[in-house]
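Listed below, chain by chain, are the residues.
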Amino acid sequence: MAIAREAEPVGSLREVREAGLDRDDLLQVYRNMILTRGIEERGHILYRQGKIPGSFYTGRGNEAAAVGVATAMGPDDVGTPLHRDMGVHVTRGIEPWRIFAQYMGRVDGPTRGRDGNVHMADSNLGLIAMVSHLPAMLPVAVGAALAFRIREEKRAAVAWFGEGASARGDCHEGMTLAGVRKLPVVFVCDNNQWAYSTPTHLEFATEHVADRAEAYGFEGIVVDGTDVLAVYREAKRAIEKARSGGGPTLIESVTLRMEGHAVHDDAFYVPKQMFEEWAKADPIERFRSWLRENANMTDEEEDEIASEVKRTLTDALKRADESPLPEPSQLTEGVYASPEDLDTPHHK
Amino acid sequence: MAIAREAEPVGSLREVREAGLDRDDLLQVYRNMILTRGIEERGHILYRQGKIPGSFYTGRGNEAAAVGVATAMGPDDVGTPLHRDMGVHVTRGIEPWRIFAQYMGRVDGPTRGRDGNVHMADSNLGLIAMVSHLPAMLPVAVGAALAFRIREEKRAAVAWFGEGASARGDCHEGMTLAGVRKLPVVFVCDNNQWAYSTPTHLEFATEHVADRAEAYGFEGIVVDGTDVLAVYREAKRAIEKARSGGGPTLIESVTLRMEGHAVHDDAFYVPKQMFEEWAKADPIERFRSWLRENANMTDEEEDEIASEVKRTLTDALKRADESPLPEPSQLTEGVYASPEDLDTPHHK
Amino acid sequence: MAELTYLQAISDGLRTEMRRDKRVFVIGEDVGVYGGAFKVTLGFQEEFGHWRVIDAPLAETAIVGACTGAAIMGMRPVAEMQFADFISCAWDQLVTVAAKQRWRAGTAVPIVVRLPSGGGFSGGPFHSQNPESSFAHVPGLKCVCPATPEDAKGLLISAIEDPNPVLYFEHKHLYRRIKAEVPEERYTVPIGKARTHQEGDDVTVVTWGAMVYTAEEAAKQLDDVSVEIVDLRTVMPWDKAAVLESVRKTSKVLVLHEDTRTGGFGAEIAATIAEDAFEDLDAPVKRIAAPDTPVPFSPPLEKAFIPQVEDVAAGLRELAEY
Amino acid sequence: MAELTYLQAISDGLRTEMRRDKRVFVIGEDVGVYGGAFKVTLGFQEEFGHWRVIDAPLAETAIVGACTGAAIMGMRPVAEMQFADFISCAWDQLVTVAAKQRWRAGTAVPIVVRLPSGGGFSGGPFHSQNPESSFAHVPGLKCVCPATPEDAKGLLISAIEDPNPVLYFEHKHLYRRIKAEVPEERYTVPIGKARTHQEGDDVTVVTWGAMVYTAEEAAKQLDDVSVEIVDLRTVMPWDKAAVLESVRKTSKVLVLHEDTRTGGFGAEIAATIAEDAFEDLDAPVKRIAAPDTPVPFSPPLEKAFIPQVEDVAAGLRELAEY
Ligand SMILES: Cc1ncc(C[n+]2csc(CCOP(=O)(O)OP(=O)(O)O)c2C)c(N)n1
Ligand SMILES: Cc1ncc(C[n+]2csc(CCOP(=O)(O)OP(=O)(O)O)c2C)c(N)n1
Ligand SMILES: [Mg+2]
Ligand SMILES: [Mg+2]
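Residues numbered from 1 in each chain as written. Chains lettered and ligands numbered in written order. Predicted model: local features only at pLDDT ≥ 70, side-chain atom pairs only at ≥ 80, totals over all residues. Heavy atoms only, no water.

Student: What should I look at first to understand the sheet that holds strand β9 (residues 195-198) of chain C in this one?
Tutor: Picture the strands of a sheet paired through backbone hydrogen bonds; they go either parallel or antiparallel. Residues and elements named next belong to chain C. Across the sheet, 5 strands lie side by side as β9-β11-β10-β13-β14; this open sheet has mixed pairing. The open sheet has two edge strands with one neighbour each: β9 and β14 (286-290). Ignoring strand direction, the axes of neighbouring strands in this sheet form an average angle of 25 degrees. With 3 bridges connecting them, strand β10 (residues 203-207) and strand β13 (residues 253-260) associate as parallel partners. (Pairing = 2+ DSSP bridges. Helix = DSSP H or I, 4+ residues; strand = E, 2+ residues; numbered from the N terminus. Axes fitted to C-alpha atoms, helices over the stretch in contact; angles between N-to-C directions.)

Dropping the structure here:
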């Protein structure tokens, strides 16, 4: 039995305008999706070149979901994106070269070489850096929402989590607190159908993760995560509802993880057919077609975006590669915060 | 919206017979409820006499719920009762004097003075001793059910938890695992409407805890916890369903905690009227009337039960009081198990 | 100055900060209407409202995680664990998120977690523990363990002011037993500075929390031995300089704590002294701590578990005669 | 005898027990079809079926809690954490339930939790930790840390046989790097007995896990110093007698571990030696361990974090010259 509401795909440009995006915004969304994929593709190359230490994760297939939600966020909203959500960092405006620096363990990555992969965030962009432990950031996002509620600010927090991570206690406790206090938080489940090699039916026994929202006293919505505009529309509604005192929403965005869990994983356990089917619903290709059909995106525009992204990436790679590795002497600095660390916009 | 099924009260003797209890069983159930209350009332007196160290908790108001479920369990089923579930220990056949010894920190309590209150169990009776941390025993009960499933035994595990403790991650993780694997476990929520001083609407945002069962892929049932026969019937069904491969059930038994959280607490935060109303539904009185009306319980039978219980309690108190306090030298013994500890029926 | 119990001093410190700083809020189980299991926040909800004194669900991970998020958004949360023992349910949030966020991502997490800890009244295995050693090992966390009402107030205010996650261990056995004059105004006691509870020349006791008083009683039993008692006050960071200075004077040390011995924080102190003051020592560094068992319920067992005045006196005697 | 990697030896030990004893089952994330993140259980599900090789939900508390319940019902569960770091999510189940159940209630909890731990390949703060110290402090838990393929197999079988909760720390950096002859038949290696990795007369190194090899390399750099390396093999219980015996011979000790220094288990070992072998020591007990930070990702930082051969050689030199 499905309890959650299934969101419809987005149709016309008019409908999108109503949801708050004009044509320029749409092209920007498209650009952000391409940039997101580009960053991860270049990351993959860097990895194969031996320039990225450790392991390497991407969110291929999740570009629409990540960018769609982030586009719906306002500048004062905050979020805790995870390892498939590069599009959130991109949309919030992180400088791509800093991501490459992060990947390569250089001092100019947001964590200054201390952590790797997408374990990072630019706090000036309203993002909080994830930890590996899933979904430990979810209660943290709930806490951000609690701060907004206490101060009576009209802001929302967005907490991402995977469908696999939905099995953990942190998810339950965070949603419970958010539900009983009607906190301004939007939970976004990136349901990419696999948790490493584990299929969804071994992670939860409902049809959809969103079916659980009811158990916490709020609404659950299932949306096609390859439809960036549908994701945007649902996120926008949920964020506005949160900001205006309506409490949390759980949005489940369904996609397929289009690669292995990480670089080392060939995903042999995913049926080939599944990949083939979902490849047809590539979120970028899908949106490109939509833009051409519904917003008259021209060849020139498309090319311009493609080449701007390419330029950005090339510059970013170059700049990142100039960033030095950290000095060993920096290791022990800053284990504890000092009062100046509280000189941030949030602590005013 | 209530998703769980609301169980009906039990009516006639015939209906009860169908559920598996004959008249003698019913008198035994009645006796167990009285004995349960008697133990806790005597405990209270002992506490006031200064004979019980630390704090003291009772389950007044929960006798029907505890005894009802335990009566539905078979000898090979196991359970993890909590601090309001004295009736489970009693029904499974613990010798009452050992409970008093436990209360008073004597060597003949099941924990030999190492732990207090209802933090105990007789493992020969198929019970596992609770820890304070709520509801940490719930995943443990799920593990017992997992053992039964692996070995293909037709046995069920019963996991108790409070409505307050339903907020914790252990509850979620245990139910998730049980749900995806359809393990033979019955979850019993003692919803006594308060978690210490915290009312239910601050613990969960649904109408009933049982409404959450759906989120884990199994059935939720709400039953009046003052109706011992209704509790019995629902528990019996759920246990049989579990044993025969039907997976978990969540039974929420609604009562009122008729005293403070523990002896020190006067429960000023519970509206007087609430106590008054629920006092009318005293589970023992309710069952007594039912037995007189439906099973022709005679004055003699009633008196006989009352005096047998009284005798049992007096003897138990005396015997417990003769049990010595533990020797300090015993403190460090048995922190680690030795192979002989595995010489139990379970480890054959 | 007013005479306050240790418990009243904690309330006073918390109330002072909540009045002074709107960013401070309290969250925990039963902290609102009920005023907390030990009544530290009694009357707070009336004064500060139910969005600054929040009755949380029974969910320690949510409580600590939410504090972390709120702190990052500029609040100064003070979480109450109903008993210190229940912090085990939020271990991951503290160790994985709160402790490492500053170092990894540059994000300060100014939260305080209040932990009513310690035994002495038959609380049994789950209402008596002293879990400070477990946390002191985790880089990024601070651990504060006041012994006096004055320190209880001043250290709580320092903890709230501190830009880091601070675990504030308040010893339940001191709550109503220990009273002293406490300044009425706001003041802080620095985190990381020990206090000489009493001066002496022959043996140094390094301890904290309720054991300070056990050491004091034990010292009284030895007329012929002059005992210096160093109350660490904060276990992480701990005041190595003050300890080493005292050791240089006395050349003999007893490290005393209520938590279990093996791998307890006393080991760190003893190992450090043995390494850094090797040439100054006239006797091995002695440790007295609880035996390696859970905390027992029954009084004779609990007495055998918690270090007693006689145990400490015997240890001091042994060192003096070494 | 066959030459096996450390990883193969673990698989071999586990397979041996699963073939011999039907009560043994494996549960963890991706242990089935995938064979576990490190492929320790590759092929197990085919051989033993999916009720003895269980792909669990991403829920460490459920995994460990369920193992406890199944163990009490007579099974012999072996849980796999995908990385040791994630055990923080099951801290409460281990510390509160599994560790204390025997002492409190007389109920043995024979579970094994396998913990792929340690750094050395830029796993960063959450895929590199060595959390054994935190658990070694908790009465009721055992901590096993094999360094050789032979010990890896024999200690895993001992851990499964043991009637207690045993944390089995397998060092990822040894998985494929270390190979040796391993008996094909079933055998056990006793928990609580150290192994002399190499004999020597001048300085004792007490260590375990991957650091055994670091110590060995360091010792090679000092032609003029005869180094004895004691591989503890199990940290809880640890072989105090063997360590003290070696110390009596050499009179100088270096305690070495990969976990962070302050409050690490090295402190317990150092404090014990300093107390029990006070008169035998010719130099202070030296500790070398990681600095008090999270584990860094970037290679130059990680190199500065994990004790290196040169660091250990310098420490040995210092002790030799003391
Ligand atoms: C608490 C915890 N346990 C285990 C892991 C190891 N791990 C990393 S990603 C992953 C699968 C996550 O699945 P899901 O939540 O669906 O996110 P996805 O990777 O599919 O986006 C696992 C098991 C982890 N990161 N955290
Ligand atoms: C993890 C945890 N946190 C806090 C407590 C302290 N505590 C003991 S009982 C209780 C209330 C429990 O409420 P509920 O689950 O409804 O059970 P009830 O006592 O009402 O039967 C609390 C908060 C605990 N035992 N465990
Ligand atoms: Mg997934
Ligand atoms: Mg309740």
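Student: Help me understand the interface of chain A and chain C in this model?
Tutor: Interface size is commonly expressed as the accessible area that is lost once the parts come together. With 45 residues of chain A in contact, the opposing surface of chain C contributes 44 residues. The contact between chain A and chain C buries some 3800 Å² in all, and 64% of this surface belongs to carbon and sulfur atoms. Linking chain A to chain C there are 3 salt bridges. Two residues, Asp115(A) and Arg104(C), come together in a salt bridge whose shortest N-O distance is 2.7 Å. When contributions to the side of chain A that touches chain C are tallied by element, the ones reaching two or more residues are α6 (137-150) and α7 (169-181) of chain A. (Contact = heavy atoms within 4.5 Å. Buried area = accessible area lost by both parts, 1.4 Å probe. Salt bridge = Lys/Arg side-chain N within 4 Å of Asp/Glu carboxyl O.)

Student: Would you explain the coordination of the magnesium ion (ligand 3) in this entry?
Tutor: For a metal with four tetrahedral donors the ideal donor-metal-donor angle is 109.5 degrees, while six octahedral donors give ideal angles of 90 or 180 degrees. Residues and elements named next belong to chain A. Protein coordination at the magnesium ion (ligand 3): the donors are Glu163 (OE), Glu163 (OE), Asn192 (OD1) and Trp194 (O), at 2.0 to 2.6 Å from the metal. Around the magnesium ion (ligand 3), the 6 donor atoms sit at angles spanning 53 to 170 degrees, and that spread fits a shape best called irregular. Each donor residue of the magnesium ion (ligand 3) belongs to the same chain, and together they define the spacing E-x28-N-x1-W. With respect to burial, Asn192 and Trp194 carry one shared label: buried. (Donors = N, O, S within 2.8 Å, 3.2 Å for Na, K, Ca; no water. Tetrahedral: all angles 85-135°; square planar, octahedral: opposite > 155°, others 65-115°. Buried < 20%, exposed > 50% of the residue type's maximum accessible area, 1.4 Å probe, protein only.)

Student: Would you explain helix α1 (residues 6-20) of chain D in this entry?
Tutor: In an α-helix, one full turn covers 3.6 residues, which means residues spaced three or four apart are oriented alike. Residues and elements named next belong to chain D. Under the 1.5 Å per step criterion, the end-to-end length of α1 is 21 Å for 15 residues, consistent within 8% with the ideal 21 Å. Within α1, 11 of the 15 residues are buried, leaving the element largely enclosed by the surrounding structure. Buried residues of α1: Tyr6, Leu7, Ala9, Ile10, Ser11, Asp12, Gly13, Leu14, Thr16, Glu17 and Met18, and no others. (Expected span 1.5 Å × (residues − 1).)

Student: Any chance you could explain the interface of chain C and chain B here in plain terms?
Tutor: Chain C puts 33 residues into the contact, and the matching count from chain B is 37 residues. Of the roughly 2700 Å² buried between chain C and chain B on both sides combined, carbon and sulfur atoms contribute 69%. When the buried area of chain C at its contact with chain B is split by residue, Tyr34(C), Leu58(C) and Phe297(C) rank highest and sum to 27% of it. For the pair chain C and chain B, the interface holds 1 salt bridge.

Student: So what exactly am I meant to see when it comes to the coordination of the magnesium ion (ligand 4) here?
Tutor: All names here are of chain B. Those donors, Glu163 (OE), Glu163 (OE), Asn192 (OD1) and Trp194 (O), are the protein atoms that reach the magnesium ion (ligand 4), and they lie 2.0 to 2.6 Å from it. Angles of 53 to 170 degrees at the metal separate the 6 donor atoms of the magnesium ion (ligand 4), which places the site in the irregular class. For Asn192, a relative accessible area of 8% translates into the label buried.

Student: Explanation requested: the packing of helix α3 (residues 63-72) of chain A against helix α8 (residues 228-243) of chain A in the structure shown.
Tutor: The axes of two packed helices give the description: the angle between them and the distance between them. Residue and element names in this part refer to chain A. Contact pair α3 / α8: the axes reach a minimum separation of 8 Å and the direction vectors enclose 35 degrees. Crossing of α3 against α8: the hand is right-handed. Counted together, Ala64, Ala65, Gly68, Val69, Thr71 and Ala72 of α3 and Val228, Val231, Tyr232, Ala235, Lys236, Ile239 and Arg243 of α8 form the full contact between these two elements. Residue composition of the contact of α3 with α8, by class: 9 nonpolar, 2 polar and 2 charged. (Left-handed = near helix turned anticlockwise from the far one by under 90°. Nonpolar A, V, L, I, M, F, W, Y, C, P; charged D, E, K, R; others polar.)

Student: Help me understand the pattern of salt bridges, please; the structure alone is not making it clear to me.
Tutor: Where charged atoms from two side chains of opposite charge approach closely, those side chains can pair. Summed over all chains, the structure comprises 114 salt bridges over all chains. For Asp170(A), the salt bridge goes to Arg168(A), with nearest N and O atoms at 2.7 Å. By relative accessible area, which is 3% here, Asp170(A) ends up buried. Residue class for Arg168(A) comes out buried when judged on its relative accessible area of 3%. Among the ionic pairs, Asp276(C) bridges to Lys240(C), the shortest N-O distance being 3.5 Å. Of this pair, Asp276(C) sits in helix α9 (residues 265-276) while Lys240(C) sits in helix α8 (residues 240-250), and the two are 36 residues apart along the sequence. According to the relative accessible area criterion, Asp276(C) is partly exposed, its value standing at 37%. The network of salt bridges with common partners includes Arg5(A), Glu15(A), Glu219(A), Arg233(A), Glu234(A), Arg237(A) and Lys241(A).

Student: Teacher, can you tell me more about unusual backbone geometry here?
Tutor: Residues other than glycine predominantly adopt negative phi, and peptide bonds predominantly adopt the trans conformation. With an omega dihedral of -10 degrees, the bond running from Leu134(A) to Pro135(A) counts as a cis peptide bond. Within the fold, Pro135(A) resides in the loop between α5 (96-103) and α6. Each neighbour pair has its own omega, and for Met236(C) with Pro237(C) the value is -5 degrees, a cis peptide bond. Residue position: Pro237(C) is located in the loop between β12 (234-236) and α8. With a phi angle near 50 degrees, Asn296(B) is a residue other than glycine that sits in the positive phi range. Following the sequence through the fold, Asn296(B) ends up in the loop between α10 (283-294) and α11 (299-322). Judged by relative accessible area, Asn296(B) falls into the exposed class, the value being 56%. Its identity as a non-glycine residue notwithstanding, Asp30(C) has a phi of 65 degrees, on the positive side. For Asp30(C), the position within the fold is in the loop between β2 (24-28) and α2 (44-48).

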